[in-house]
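# Per-entry structural report
Spelled out from the first residue to the last, the chains are:
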Amino acid sequence: MTALVETLELSKYFDIGRKQRVHAVDNISLTIAEKEIVGLVGESGSGKSTFGKTVIGLHAKTSGEVKFRGEILPQAYRPADFQRLASKMQMIFQDPYSSLNPRMTIGEIIAEGLRLHSTLKGTQVKSRVEEWLVRVGLHAGHMSRYPHEFSGGQRQRIGIARALILEPEFVVCDEPISALDVSVQAQVINLLSELKDTLGLTLLFIAHDLSMVRYVSDRMAVMYLGSLVEVGKADEVYFDPKHPYTEILIGSNPEPDPEQERSRPSTAIQGEIPSPVNVPAGCRFANRCPKVMDVCRVETPQLIPLQDAERQVACHLY
Amino acid sequence: MTTAATGLQHTPSLLEVEDLAVEFSTYGGIVRAVRGVSFAVERGKTMAIVGESGCGKSVTVQAMMGLTPMPPGRITSGSARLNGVEVLGRNIINGKDIRGSQIGMIFQDPMTSLNPTMTIGDQIAEPLQVHRGYSHKRAFAEAIELLSITKIPEAAKRARQYPFEFSGGMLQRAMIAMAIACKPSILIADEPTTALDVTIQAQILDLLQDLQKETGMAIILITHDLGVVARMADDVAVMYAGKVVEQGGVDDIFYRSAHPYTLGLKLAMPTNDPSKQHKLNPIEGSPPDLFAPPIGCGYCPRCPYSMKICDVKDPDILPVGKKHESRCWLQHPQAITVPDELYCGEKA
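What comes next is a walk through the structure. (Residues numbered from 1 in each chain as written. Chains lettered and ligands numbered in written order. Predicted model: local features only at pLDDT ≥ 70, side-chain atom pairs only at ≥ 80, totals over all residues. Heavy atoms only, no water.)

## Remarks on the packing of aromatic side chains
Residue and element names in this part refer to chain A. Under the counting rule described, the total for this entry stands at eight aromatic pairs over all chains. For the pair Y224 and F285, a centre-to-centre distance of 5.1 Å together with 80° between the ring planes defines the contact as edge-to-face. In this pair, Y224 sits in strand β9 (residues 219-224) while F285 sits in the loop between α10 (258-263) and β11 (304-305), placing the two residues 61 residues apart along the sequence. We classify Y224 as buried; its relative accessible area is 1%. A relative accessible area of 1% means that F285 is categorised as buried. (Phe/Tyr/Trp six-rings, centres within 6.5 Å; stacked < 30°, edge-to-face > 60°. Helix = DSSP H or I, 4+ residues; strand = E, 2+ residues; numbered from the N terminus. Buried < 20%, exposed > 50% of the residue type's maximum accessible area, 1.4 Å probe, protein only.)

## Observations regarding unusual backbone geometry
With a phi close to 60°, A:N27 is a non-glycine residue in the positive phi region. Considering the arrangement of structural elements, one finds A:N27 in strand β2 (residues 21-33). We note that B:E191 has phi near 45°; this positive angle belongs to a residue other than glycine. In this structure, B:E191 sits in the loop between β9 (186-190) and α8 (198-215). Relative accessible area serves as the criterion here: at 7%, B:E191 is assigned to the buried category.

## Section: the packing of helix α5 (residues 152-164) of chain A against helix α6 (residues 182-199) of chain A
Residues and elements named next belong to chain A. Packing of α5 against α6 brings their axes to within 10 Å, and their N-to-C directions diverge by 15°. In terms of orientation, α5 and α6 fall into the roughly parallel class. When the axes of α5 and α6 are compared, the crossing they make is right-handed. Taken together, the residues of α6 that come into contact with α5 (itself represented by G153, Q156, R157, I160 and L164) are V184, Q187, V188, L191, L192, L195 and L199. (Axes fitted to C-alpha atoms, helices over the stretch in contact; angles between N-to-C directions. Parallel < 35°, antiparallel > 145°, perpendicular 65-115°, else oblique. Left-handed = near helix turned anticlockwise from the far one by under 90°. Contact = heavy atoms within 4.5 Å.)

## Examining the sheet that holds strand β1 (residues 15-26) of chain B
All names here are of chain B. Reading across from one edge, β2-β1-β4-β5 is the order of the four strands in this open sheet, with antiparallel pairing throughout. The two strands at the open ends of the sheet, each matched to only one other strand, are β2 (29-41) and β5 (85-86). Helix-sheet contacts for helix α2 (residues 57-64) involve β1, β2 and β4 (73-82), and the interaxial angle to β1 is about 110°. (Pairing = 2+ DSSP bridges.)

## Brief notes about the layout of surface pockets
Here the largest pocket defines a volume of roughly 1000 Å³. What lines the largest pocket is a set of 39 residues, and nearest its centre among them are A:S151, A:D181, B:S53, B:G54 and B:P287. When residues of the lining of the largest pocket are traced back to their parent elements, those giving at least two are α5 and α6 of chain A together with α2 of chain B. Considering only residue class, the lining of the largest pocket consists of 14 nonpolar, 18 polar and seven charged. Of the voids in this model, the second largest pocket is the one considered here, and its volume is about 850 Å³. Lining of the second largest pocket is provided by 43 residues; of these, A:S178, A:H208, A:D209, B:T194 and B:L196 occupy positions nearest its centre. Partitioned by chemical class, the residues of the lining of the second largest pocket number 16 nonpolar, 18 polar and nine charged. (1 Å grid on protein atoms, 1.4 Å probe; cavity = no way out; pocket = protein on both sides within 12 Å on 5 of 7 lines; lining within 4 Å. Points joined across faces, edges and corners; volume = space filled by probe spheres on them. Nonpolar A, V, L, I, M, F, W, Y, C, P; charged D, E, K, R; others polar.)

## A few points about the interface of chain B and chain A
Listed per partner, the contact involves 42 residues of chain B and 38 residues of chain A. Of the roughly 3600 Å² buried where chain B meets chain A, counting both sides, 54% is carbon and sulfur surface. Here chain B is connected to chain A by two salt bridges. A salt bridge links A:E261 to B:R231, with the shortest nitrogen-to-oxygen separation between them at 3.9 Å. There are six residue pairs in polar contact (both at pLDDT 80 or more) connecting chain B and chain A. Broken down by secondary-structure element, the contributors of at least two residues to the side of chain B that touches chain A are α7 (168-179), α8, α9 (226-232), α10 (250-255) and α11 (260-268) of chain B. With seven residues, α8(B) is the single largest residue contributor to the side of chain B that touches chain A. Along the lines of polarity and charge, the residues of the side of chain B that touches chain A split into 18 nonpolar, 14 polar and 10 charged. (Buried area = accessible area lost by both parts, 1.4 Å probe. Salt bridge = Lys/Arg side-chain N within 4 Å of Asp/Glu carboxyl O. Polar contact = N/O pair within 3.5 Å; in protein donor to acceptor, adjacent residues only side chain to side chain.)

## Notes on the state of the cysteines
Residues and elements named next belong to chain B. As enumerated under the stated definition, the model contains zero disulfides over all chains in all. No disulfide involves C55; its nearest neighbouring cysteine sulfur is the one of C297, lying 14 Å away. In this model C297 remains outside any disulfide bridge; the closest cysteine sulfur is found in C310, 6.0 Å from its own. The class for C297 is buried, based on a relative accessible area of 12%. (Disulfide = S-S within 2.5 Å.)

## Structural notes on the pattern of salt bridges
Residues and elements named next belong to chain A. In this structure the tally under the stated criterion is 30 salt bridges over all chains. Here D235 ties to R214 by a salt bridge, and the two come within 3.2 Å at their closest N and O atoms. Here D235 is found in helix α8 (residues 234-239), whereas its partner R214 is found in helix α7 (residues 210-216), with 21 residues between them in sequence. The class of R214 is buried, set by a relative accessible area of 0%. One salt-bridge network, held together by shared partners, links E71, R78, D81 and R84.

Remember, this is a structural readout, not a statement about activity or role.
Below is the structure:
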């Protein structure tokens, strides 16, 4: 397995005045192999989206680096960098309602990438757009329509066509299904995995729906307050979580099975994710952790591999 | 005959909704959002209404609460009786507004449902002042008490804060505190946890269950998450295209699904069974356009088992078991071939 995208101690802080900083992404090292789907899960405010955006250059990096095929990418992108990298890395956004320009037709939205980044002529662009509309399950005739004429699921398909028409190698999917209905979620997931197989895509799949992430991903990374707490094979992390936070996150996810839900004790934890402005010393999860020890409040646990190198956990229990 | 109708002759339920229909006039024509919905809610039980966006689940409860904007909305038929008293179309019963006193409601998005210019404590105190005639001082003291019941730490301090100082989970707790202030007999929760994280969702669901145990109120839970249904519900109504397509006890719905749509929803959900193959079964297509509702069964174009009759005639809701019914032609006694995965009662 060769690494396609690699982040090394990547951090992204936002200055919010009065010498205060939001530690949105703190020291994350993650390797994504070629043709792999890595699921990134965590609560809102844990920095998942910021991490995804920083990786593809929509945010300048505060420190650390991102490598793409071994090449170190610039700390902050200039227009020329976007021009060069847009055909290799793309992003599918969370909200299909606000991420499409309401004043552009679907044809214009999908063709924009091609017009900017390829040398194709007008008629060729048009036929490519038609081809992609069909590929994502829409009709070629939809080209002249506007976003408001489409349902959420259809818009998300438009977002997928827009991102994939340049045939990028790496795509960040930022909660692509969380705004959609259950029956439509499955349609979009199946479309993504089909396109992944035919195009050989590598995906960073950001979501908060754990059971869906397990279905989609090869590996799963769990994020809490800006840092990774656990990384491993999706099934192993889901069925045998090691970090107390992962355990709680998975336990909180209600299963569509009444008998199981009745027999299961409540796993709700007290408290909420703390502010990323004043990050607590030691382990960031210590104040909510049911297995907290004295050392947790003092020393920050590092992400260390367990017996098999596949699983990494940042917890003093291991 | 529907359950609501048969139930009436024996033990009246707390809330009985019968044949409710709501439509909206828009520039594009008339949207028939709810097309004849009947269900009953029992005392102290949780009734879940499940369905996709646009199926009419929110419109149904808004009509009951008198929250349907009229115009453009119009309740064209039906009745909703709370303890035998008709509530549709009138909010004042025995000189009292039922909204906020006998029926409490919490909404999906706590950030936009609260008034940003009033303190949390004042907002919770408001229903007590309006419905109970409490003085502001007494109502505010009660509001602090309610905030601690909904497990908000430092309630006295928090009551003087504004909504922007609260997190999403805390705001939802504050909204629950407001909804239960007058001890309603029914709490309507319209997608109460959709905007929240799973960990916070678990906290809110636990809180609702605890409150139900203490106060004995009934809950109508509107959701599209089958996991939440499994966790919370006693009874379930599955809605599609403005109609209830299947209803029954929670076990009936999950283990003895009698409508192809319920079956489809279940198959589209990821399960936690490690042996299952990594492939989801989506329901192809999308729900029908309610500007021109289909003459036949609304689910017919997406249904893998559709027959000739489904396209031309809408089925009645047919009994499948005790308090379990399904709106599907396959449940008709004369249906010839019935797929194995569809439950059709204990027939010989």
